[in-house]
Structures are given as structure tokens and as C-alpha cells.
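Descriptive structure summary
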Amino acid sequence: PVDRPQWMIKHDQLSFDRTKDLLGTGNFANVYKGIYKIDDKMEKIVAIKESITREAYTVEQLKKERESMLKEAETQVYYVHENVVRFFGVAADYPPIQVVMELCPGRDLMTHLQREKDNISVAERIVYIRDAARGMVYLHDEKNLLHRDIAARNCLIAANGYIKISDFGLSLLCEKKESIDIDEPGNHQLPVRHMAPETLKKPAIYSKKSDVWAFGMLIYEVFNNGVKPWPEDQPRKIATKIRRCEMCPLPENMPQDIKKLVKEDIWQTKAEARPSIKDTLMRVERQYRLIGK
Ligand code: ADP
């Protein structure tokens, strides 16, 4: 038989019930709880993300989607960190494509914050941010990866309560250059509220510092019970505000040092002037030592 890498999973190694096991629905996929049969002796309970197949897809589009998911799989399978969702592989021999990852029973951080509201202490919020920052330091500094979609809805809560970074659908490897210019096709939904000023221009410039900007918005969400700013505004209007760096007021319960970190240091128009994610983590850890005990 032809040798397949372990991450190239076969569809018949996966079992789940589409009527009972749905965990959540995203823009392009449904996520189910299921069983992954690794071999004759071993199986694991996992999360299975299944692309929503569109009838209208051409053979060419399906081929492209398959290739991009395989490419994503190949990179992600080597990411191993306690604050990054573990990725096991992909079943892509035929549609629908299924991506297999660690099950995070606590669901996403945004839903958790919206449900628990003021039952969450400031110290716990700092821990969420610290965990997410640790995951991002790993992705930036060890893997050279730009995530490009950092937000509370893309942080998941694992069985042990750890926060884990997920959803690498928009991520890019930043191998040699410090930043990447992109002409975004205008037809896909962009996470405008989390986007840095330089990514709202043409060409959009993405860098680790634009991820840090989005991380500032994640901090905002964590202290604002999972509610994003500017609820009434249209994306175009929000984009204008961000380009002018007219940012939203910060929630009252945010500790002073964290307010300063977000408002004065992270949300700066000049990307170079922002702290790195590692510096951000250090500031959050300092805060944790102050109030975490
Ligand atoms: P999309 O990228 O299409 O937006 P998501 O990755 O956001 O899809 O997944 C949609 C929802 O499914 C999430 O908000 C979350 O509630 C749930 N989900 C995603 N991945 C997992 C996982 N590994 N474990 C548990 N639930 C998950």
C-alpha cells in the first residue's frame, strides 16, 4: 500500500451523527463531536469540522478547496502547544472535507463570556488573556505564523479550562518578510472590528503587529463580557473610525495597567510602535501577579 502521512485521514476513520453531534456552525463549516479511529487499538473523541459543500461548486473550486485544506493541515499538524488547539488531520479524499481537531468542550470564549457575564472575576479574565497570549507567542515566535483572525470567538475552552487559539482559516506563514501585502478580494467577510488601520487600506498590510492590534480587541471583549464595540455601526463606518484611530472607550472593570496597555501602547496607528505579543504577555503576567493571588 501507498504510505500516507498519519494526518491524511480516511473518511471511514471518522464517525459522528450530523443530527445529534453538532457543536457549532461557522461561516464555512459545521463542527461536530465525533470519534476518530486512529488504528485497530486506538480511538479518540474529537471535534470534526466539515466544510459546507455548495451545490454550485465546480470541480475546479473543489480541487482548490481540497488543496488549501491539505496545505493548512500539513502546517498545523506540527503545532503543539497547550494554548493552541491541537490539530490531528484532514479527510480530503472526496467532499465534504473534514478537519479533525482536539475537542474543546467549553466551546468558544465569546459565548462563555456572554453567558457568564459578571460571574467572571477580573483575575479569571486576566488568566484567559494570559493563556491566549501564550498561544500567540508560540505561533508568532516559534512558528512565524500570522493568525489574522484573533478574536474571542476564535478562542476555545479546553476540557482542563485552558484557553486555546483556534481557527487558522485566514492564517499565513510569514517566512522571510516581516509583513505581507494583500489585495483582499472584496467578497469575503472580514473581521472589521478587530482589524488594524493598516489592514483596512489598499493594499492591506498584515504583520505580527496587526495581530497584536486584534489582540487588543480580544482584551476588550474579555472585559466587556464578549460584546464587541460599535454594535450599531456599519462595517464601513467602523473601518473609518479605526483608520483614524478613534477607538471605543474601555470597559470600567479593566485594570488601569491593562487599559494603558490597550489604549496607549497597542492601539497605535504606527504598527512598529506597538508592543510585540511577547511584551504584551509580560505585561499581562505582571498584572496576574498583582491580582491573581
Ligand atoms: P468557521 O471558521 O467556519 O467560522 P469555527 O471554527 O468558528 O467555524 O467553528 C464554529 C463553532 O464551532 C465555534 O464557534 C465553536 O462553538 C465550535 N467549535 C469549533 N471548533 C471546536 C472544537 N475544536 N471543539 C469544540 N467546539 C468547536
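Before reading further, recall that the structure is shown in the block above.
Here the structure is a predicted model, which means the values were calculated and not measured. (Residues numbered from 1 in each chain as written. Predicted model: local features only at pLDDT ≥ 70, side-chain atom pairs only at ≥ 80, totals over all residues. Heavy atoms only, no water.)

As for the overall build of the protein chain
Counting secondary structure elements, the protein chain contains 7 helices and 13 strands. At 19 Å, the protein chain has a C-alpha radius of gyration in line with the 19 Å of a compact globule built from 293 residues. Overall, the C-alpha framework of the protein chain stretches about 60 × 45 × 40 Å when taken along its three principal axes. The contacts of the protein chain with a sequence gap of at least 6 include a subset with a gap of at least 24, amounting to 64%. Accessible surface for the protein chain amounts to roughly 15900 Å². Of this, 51% is attributable to carbon and sulfur atoms. Charged side chains in the protein chain number 48 positive and 44 negative. The centres of these two groups are separated by 3 Å. (Helix = DSSP H or I, 4+ residues; strand = E, 2+ residues; numbered from the N terminus. Rg over C-alpha atoms; globule rule 2.2 N^0.38 Å. Contact = heavy atoms within 4.5 Å. Areas by Shrake-Rupley, 256 points an atom, 1.4 Å probe, with all protein chains shown as cover. Lys, Arg positive; Asp, Glu negative; His and termini not counted. Charge placed at Lys NZ, Arg CZ, Asp CG, Glu CD.)

Quick notes on the nonpolar core
Judged by nonpolar contacts, the single largest core of 59 residues is most densely connected at Leu-109, Leu-139, Phe-215, Leu-218, Ile-219 and Trp-267. Counting residues in each nonpolar core, the second largest holds 11 residues, with Leu-14, Tyr-36, Ile-38 and Ala-91 among its members. (Core = buried A, V, L, I, M, F, W, Y, C linked by side-chain atoms within 4.5 Å. Buried < 20%, exposed > 50% of the residue type's maximum accessible area, 1.4 Å probe, protein only.)

Looking at the site of the ligand
In the vicinity of the ligand, 17 residues are found, and the nearest of them are Asn-27, Lys-49, Glu-102, Cys-104 and Asp-167. With respect to the ligand, the side chain of Asp-167 contributes an N or O atom lying 2.7 Å from an oxygen atom. When the ligand sits alone it has 550 Å² of accessible area, and the protein chains cover 89% of it. Those elements giving two or more residues to the shell around the ligand turn out to be strand E3 (22-25), strand E4 (29-37), strand E5 (43-51) and strand E7 (98-102). Looking at which element gives the most residues to the shell around the ligand, the answer is E3, with 3 residues. Looking at the shell around the ligand residue by residue, the class counts come to 9 nonpolar, 4 polar and 4 charged. (Near = heavy atom within 4 Å. Polar contact = N/O pair within 3.5 Å; in protein donor to acceptor, adjacent residues only side chain to side chain. Nonpolar A, V, L, I, M, F, W, Y, C, P; charged D, E, K, R; others polar.)

Things to note about the packing of aromatic side chains
What the rule picks out here adds up to 3 aromatic pairs. Seen in terms of ring centroids, Tyr-36 and Phe-88 are 6.5 Å apart; in terms of plane orientation they differ by 35°. Their pairing is tilted. Separated by 52 residues along the polypeptide, Tyr-36 in strand E4 and Phe-88 in strand E6 (residues 87-91) bring together distant segments of the chain. Accessibility assignment for this pair places Tyr-36 and Phe-88 in one class, buried. For Arg-148, the ring lying beneath its charged end belongs to Tyr-206, and the centroid distance is 4.4 Å. (Phe/Tyr/Trp six-rings, centres within 6.5 Å; stacked < 30°, edge-to-face > 60°. Lys NZ or Arg CZ within 6 Å of the ring centre and 35° of its normal.)

A look at the packing of helix H3 (residues 122-142) against helix H4 (residues 208-223)
Direction vectors running N to C along H3 and H4 enclose 165°, while the axes themselves pass 10 Å from each other. The orientation of H3 relative to H4 falls into the category roughly antiparallel. Relative to H4, H3 is oriented so that their crossing is right-handed. Between H3, through Val-122, Arg-125, Ile-126, Tyr-128, Ile-129, Ala-132, Ala-133, Met-136 and His-140, and H4, the contact on the second element is made entirely by Lys-208, Asp-211, Phe-215, Leu-218, Ile-219, Val-222 and Phe-223. Of the residues that constitute the contact of H3 with H4, the class distribution is 12 nonpolar, 1 polar and 3 charged. (Axes fitted to C-alpha atoms, helices over the stretch in contact; angles between N-to-C directions. Parallel < 35°, antiparallel > 145°, perpendicular 65-115°, else oblique. Left-handed = near helix turned anticlockwise from the far one by under 90°.)

Some details on the pairing of E4
As defined by bridge partners, strand E2 (residues 14-15) adjoins E4 across 2 bridges and the pair is classed as antiparallel. Residue pairing in the sheet places Ser-15 in a bridge with Ile-35 of E4. Where E3 meets E4, 3 bridges bridge the pair, whose relative direction is antiparallel. Opposite Leu-22, over in E4, you have Tyr-32 as the bridge partner. (Pairing = 2+ DSSP bridges.)

A word on the packing of H4 against helix H6 (residues 256-266)
At their nearest, the axes of H4 and H6 sit 10 Å apart, and the two run at 150° to each other. H6 is crossed by H4, and the crossing has left-handed handedness. Where H4 approaches H6, its residues Val-212, Trp-213, Gly-216, Ile-219 and Phe-223 are matched on the opposing element by Ile-258, Leu-261, Val-262 and Ile-266. In the contact of H4 with H6, the residues fall into 8 nonpolar, 1 polar and no charged.

Here's the deal with the pattern of salt bridges
Counted according to the given criterion, the structure contains 15 salt bridges. Taking the shortest distance from any N to any O, the salt bridge between Asp-93 and Arg-4 comes out at 3.4 Å. With Asp-93 in the loop between E6 and E7 and Arg-4 in the segment before strand E1 (8-9), the pair connects residues that are 89 residues apart, well separated along the chain. One salt bridge in this structure joins Lys-49 and Asp-167, with 3.7 Å as the shortest N-O distance. You can see Lys-49 sitting in strand E5 and its partner Asp-167 sitting in the loop between strand E10 (163-165) and strand E11 (172-173), a full 118 residues away along the chain. Take Lys-49: its relative accessible area is 26%, and that puts it in the partly exposed class. What makes Asp-167 partly exposed here is its relative accessible area of 27%. Residues participating in the shared-partner salt-bridge network are Lys-260, Glu-264, Asp-265 and Arg-283. (Salt bridge = Lys/Arg side-chain N within 4 Å of Asp/Glu carboxyl O.)

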